Amino acid sequence: MTLLILIIAFSLLLLGLLGSIIPGLPGPPISYLAVLLIHFFTGTQFSSSFLWTWAIVVAIVFVLDYTLQAWGVNKFGGGRKSTIGTFVGLFLGLLFPPIGLLVGPFAGAFLGALSEVKGDNTRAFKVAIGSFIGFITGTVLKLGVSAALLSYSIFYISYRHELEKSEQEKLK
């Protein structure tokens, strides 16, 4: 049973990494769910401080991911239409991965900004750059959290396994 739980957990950890790149799939929360599965349903026990710290980090990154693009758009002079364009472009970009995931939010913000600034291509381009910066920043944060949870889980489980193995050899 433990092996099945570990297979499910590591599948979720990998899905969490993938979800850090694919919009709409919450990467870090999926990765954290995998850590909770390992903690509660296998012999591997993470510390309470580890679990609480990562719960807070995952929650913060989850919120930041949804606000960074809008912040980037607004910071570079865009408004409501630019923000909506960013999200529409993001979801349309899902149809053409991986390039669409990069170009979609940029193009959506650009087109939304064009409708706001009435043909000022330079300003619309700046807004699109802001959207792109927000998207990349959110993606890097999500990837970092999901990769850290995956790496730590692998290290902790393999370390625990080696520790148990050496203790069994001492008993012989």
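Up top you'll find the structure we're talking about.
Residues numbered from 1 in each chain as written. Predicted model: local features only at pLDDT ≥ 70, side-chain atom pairs only at ≥ 80, totals over all residues. Heavy atoms only, no water.

### Overview of the packing of helix H1 (residues 2-19) against helix H2 (residues 27-41)
Let me state the cut-off plainly: Working convention: axes come from line fits to C-alpha atoms, limited for helices to the stretch in contact. Angles between N-to-C directions cover 0 to 180 degrees. Counting from the N terminus, the helices are the DSSP runs of H or I reaching at least four residues and the strands are the DSSP runs of E reaching at least two. Any angle that falls under 35 degrees is termed roughly parallel, while one over 145 is termed roughly antiparallel, one within 65 to 115 roughly perpendicular, and all others oblique. Definitions for this section: a left-handed crossing has its near helix turned counterclockwise from the far helix by less than a right angle. A right-handed crossing has that turn clockwise. Contacts are residue-level and defined by heavy atoms, with any inter-residue pair within 4.5 Å sufficient. All residues other than Ala, Val, Leu, Ile, Met, Phe, Trp, Tyr, Cys, Pro, Asp, Glu, Lys and Arg, Gly among them, are scored as polar; the first ten of these are nonpolar and the last four charged.
For the pair H1 and H2, interaxial distance at closest approach is 7 Å and the crossing angle is 165°. With respect to their mutual orientation, H1 and H2 come out roughly antiparallel. Where H1 crosses over H2, the two elements pack in a sense that is left-handed. Between H1, through Ile5, Leu6, Ile8, Ala9, Leu12, Leu13, Leu15, Gly16, Leu17 and Gly19, and H2, the contact on the second element is made entirely by Gly27, Ile30, Ser31, Leu33, Ala34, Val35, Leu37, Ile38 and Phe41. Residue classes in the contact of H1 with H2 are distributed as 15 nonpolar, four polar and no charged.

### Observations regarding the nonpolar core
For clarity, the cut-off: Only buried Ala, Val, Leu, Ile, Met, Phe, Trp, Tyr and Cys residues count toward a nonpolar core, and they belong to the same one when joined by side-chain atoms within 4.5 Å. Exposure is judged per residue with a 1.4 Å probe applied to protein chains only, and the accessible area is read against the type maximum: over 50% gives exposed, under 20% gives buried, and values in between give partly exposed.
Grouped together as the largest cluster of nonpolar side chains are 21 residues, with contacts concentrated most on Leu13, Val35, Ile38, Phe50 and Leu149. Of all the secondary structure elements, the ones that give two or more residues to this core are H1, H2, helix H3 (48-75) and helix H6 (121-171). Among the elements that make up this core, the one with the highest residue count is H2 (six residues). Counting residues in each nonpolar core, the second largest holds seven residues, with Ala109, Val117, Ala124 and Val127 among its members.

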